[in-house]
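Reading the structure
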Amino acid sequence: QGAITDVTKPLMGRIQEDQGTVSLPANCASQAIVDVSENMRAKIYSLFCKIGFVDLAGLGVEDHVTLTAIEKYLDFKMGEVWTETMKELEMENVRPVTPDAEAMEAIARAIEERAQIVSSTQ
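Presented here is a report on the structure given in the accompanying data block. Quick caveat, the model's predicted, so the values are computed rather than measured. (Residues numbered from 1 in each chain as written. Predicted model: local features only at pLDDT ≥ 70, side-chain atom pairs only at ≥ 80, totals over all residues. Heavy atoms only, no water.)

Here we take up the environment of Trp 82. You can see Trp 82 is positioned in helix H5 (residues 73-91). Residue class for Trp 82 comes out partly exposed when judged on its relative accessible area of 35%. For the pair Trp 82 and Ile 111, spaced 29 residues apart in the sequence, the C-alpha separation amounts to 9.8 Å. Contacts of Trp 82, omitting those with residues within four sequence positions, involve Met 104 and Ile 107. (Helix = DSSP H or I, 4+ residues; strand = E, 2+ residues; numbered from the N terminus. Buried < 20%, exposed > 50% of the residue type's maximum accessible area, 1.4 Å probe, protein only. Contact = heavy atoms within 4.5 Å.)

So, in structure tokens, the structure goes:
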């Protein structure tokens, strides 16, 4: 409970995964963005940003496991949005120019590395 099971998509739940990526017009929010308002994770992350992530009395081992993922929520959410963006570009047969493609690959690698670090910490 609360542990990262897939470092390539650390925040994605079953429902979001089942829906997959859908190419949407620019004026529509993607599933990753909608998830922020419909899910308690963003609110929990905000709460811990206010109270801090360390020196919290009364937390058990399982709570600390979950807390390590909560602490990186914003990084993981940004990675999820970038992943959606890359999938949408691919679905629309849009090939980014080389510098953009390299930047997107670097972002994807960085998020996955962070998820691996958190997963190994848990």
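So much for the structure itself; the text now carries on.
This structure, assessed with the given rule, holds 3 aromatic pairs. An angle of 40° between the planes, with centres 6.3 Å apart, marks the rings of Tyr 45 and Phe 53 as tilted. Looking at Tyr 45, the relative accessible area reads 17%, which means it is buried. Taking 5.9 Å as the distance between ring centres and 20° as the angle between the ring planes, the aromatic pair formed by Phe 48 and Phe 53 counts as stacked. Residue class for Phe 48 comes out buried when judged on its relative accessible area of 15%. Taken together through their ring pairs, the aromatic side chains of Tyr 45, Phe 48, Phe 53 and Tyr 73 make up a single cluster. (Phe/Tyr/Trp six-rings, centres within 6.5 Å; stacked < 30°, edge-to-face > 60°.)

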